[in-house]
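Fold and contact review
Here is how the chains run, residue by residue.
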Amino acid sequence: MQNIQTMIDQHGGFEAVRTRYLRLENPPFMRLVIEVIGGPYPNGAYELSIAHYSEQNGDAMRDPEITFLVVPSAEGTTWTPLTYENSYLGAYQVVAEASREGLIKVKQSQWIKELRSFAKQWDINIKQQAFMAVFQRQYGAANGATTEGTVTRQGDGPQGQ
């Protein structure tokens, strides 16, 4: 999730996103919303929701939403999927849970592997669909963004169980 991480970093980091979530409108694509929904945990981890939203009969519909436990470290930031939801399909899957310490408890390792692969392609699509450019227009340097970056890698990392 390198592109998402770049937006978070340029927005001021996880605490900034906690207080000012990112909402990117980019027609004809569904809006992209990036929110901190948990943390910080003792190990510095945060729980994030990344979702595309649209509406159906006045209800917010996720297509998809993936929540992640995001753990920063000296080696880079690790993104581990926790849940997946697609409202149109009626799909909701818990693949892992975060402990109070910010450690991962895997429930379905095959689904984690599949969601990591999906998230990698999703992150590429987000850039190809010009959400990075939309972010720069809405939240870029003129609006207080920074240029510091974080190395991002997918996986359980040292905290995984």
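Residues numbered from 1 in each chain as written. Predicted model: local features only at pLDDT ≥ 70, side-chain atom pairs only at ≥ 80, totals over all residues. Heavy atoms only, no water.

**Points about the pattern of salt bridges**
Side-chain pairing between opposite charges can occur once the charged atoms of the two side chains come close. In the structure shown here, the tally under the stated rule is 5 salt bridges. Of the charged contacts in the structure, one is a salt bridge between Arg 18 and Glu 15, with a shortest N-O distance of 3.2 Å. Within this pair, Arg 18 and its partner Glu 15 are both found in helix H2 (residues 14-19), separated by 3 residues, close to a single helical turn. Look at Arg 18 and you get partly exposed, because its relative accessible area is 33%. Put simply, Glu 65 and Arg 62 hold a salt bridge, and the shortest N to O gap is 3.1 Å. (Salt bridge = Lys/Arg side-chain N within 4 Å of Asp/Glu carboxyl O. Helix = DSSP H or I, 4+ residues; strand = E, 2+ residues; numbered from the N terminus. Buried < 20%, exposed > 50% of the residue type's maximum accessible area, 1.4 Å probe, protein only.)

**Digging into the pairing of strand E5 (residues 77-86)**
Among the 10 residues in E5, 10 count as buried, and that is most of the element. Pairing of strand E4 (residues 59-71) with E5 involves 7 bridges; the strand directions are antiparallel. Note on E5: the bridge partner recorded for Leu 69 is Thr 80. Between E4 and E5, which pair antiparallel and follow one another directly, the connecting turn spans 5 residues, one of which, Gly 76, has a positive phi of 135 degrees. Looking at chain direction, E5 and strand E6 (residues 91-94) are connected through 4 bridges and run antiparallel. Bridging across to E6, Asn 86 finds its partner in Ala 91. As consecutive antiparallel partners, E5 and E6 are separated by 4 residues, and within that stretch Gly 90 has a phi angle of approximately 70 degrees, a positive value. (Pairing = 2+ DSSP bridges.)

**Remarks on helix H3 (residues 109-128)**
Side chains of residues three or four places apart in an α-helix project in the same direction, reflecting 3.6 residues per turn. Helix length check: H3 (20 residues) gives 29 Å between terminal C-alpha atoms against 28 Å at 1.5 Å per residue, within 8%. Listing the buried residues of H3 in full gives Ile 112, Leu 115, Arg 116, Ala 119, Trp 122, Asp 123 and Ile 126. Projected onto a plane normal to the axis of H3, the buried residues spread over an arc of 135 degrees and lie on a single side. Exposed side of H3, more than 90 degrees from the buried face: Lys 113, Lys 120 and Gln 128 are the residues found there. Just downstream of H3 lies Ala 130, where phi reads positive at about 70 degrees. (Expected span 1.5 Å × (residues − 1). Arc of directions from axis to C-beta.)

**A few points about the packing of helix H1 (residues 2-11) against helix H4 (residues 131-139)**
Relative orientation of the contacting elements H1 and H4 amounts to 5 degrees, with a least axis distance of 11 Å. The angle between the axes of H1 and H4 places the two elements in the roughly parallel class. Residue-level contacts link Asn 3, Thr 6, Met 7, Gln 10 and His 11 of H1 to Phe 131, Met 132, Phe 135, Gln 136 and Tyr 139 of H4. Grouping the constituent residues of the contact of H1 with H4 by class yields 5 nonpolar, 5 polar and no charged. (Axes fitted to C-alpha atoms, helices over the stretch in contact; angles between N-to-C directions. Parallel < 35°, antiparallel > 145°, perpendicular 65-115°, else oblique. Contact = heavy atoms within 4.5 Å. Nonpolar A, V, L, I, M, F, W, Y, C, P; charged D, E, K, R; others polar.)

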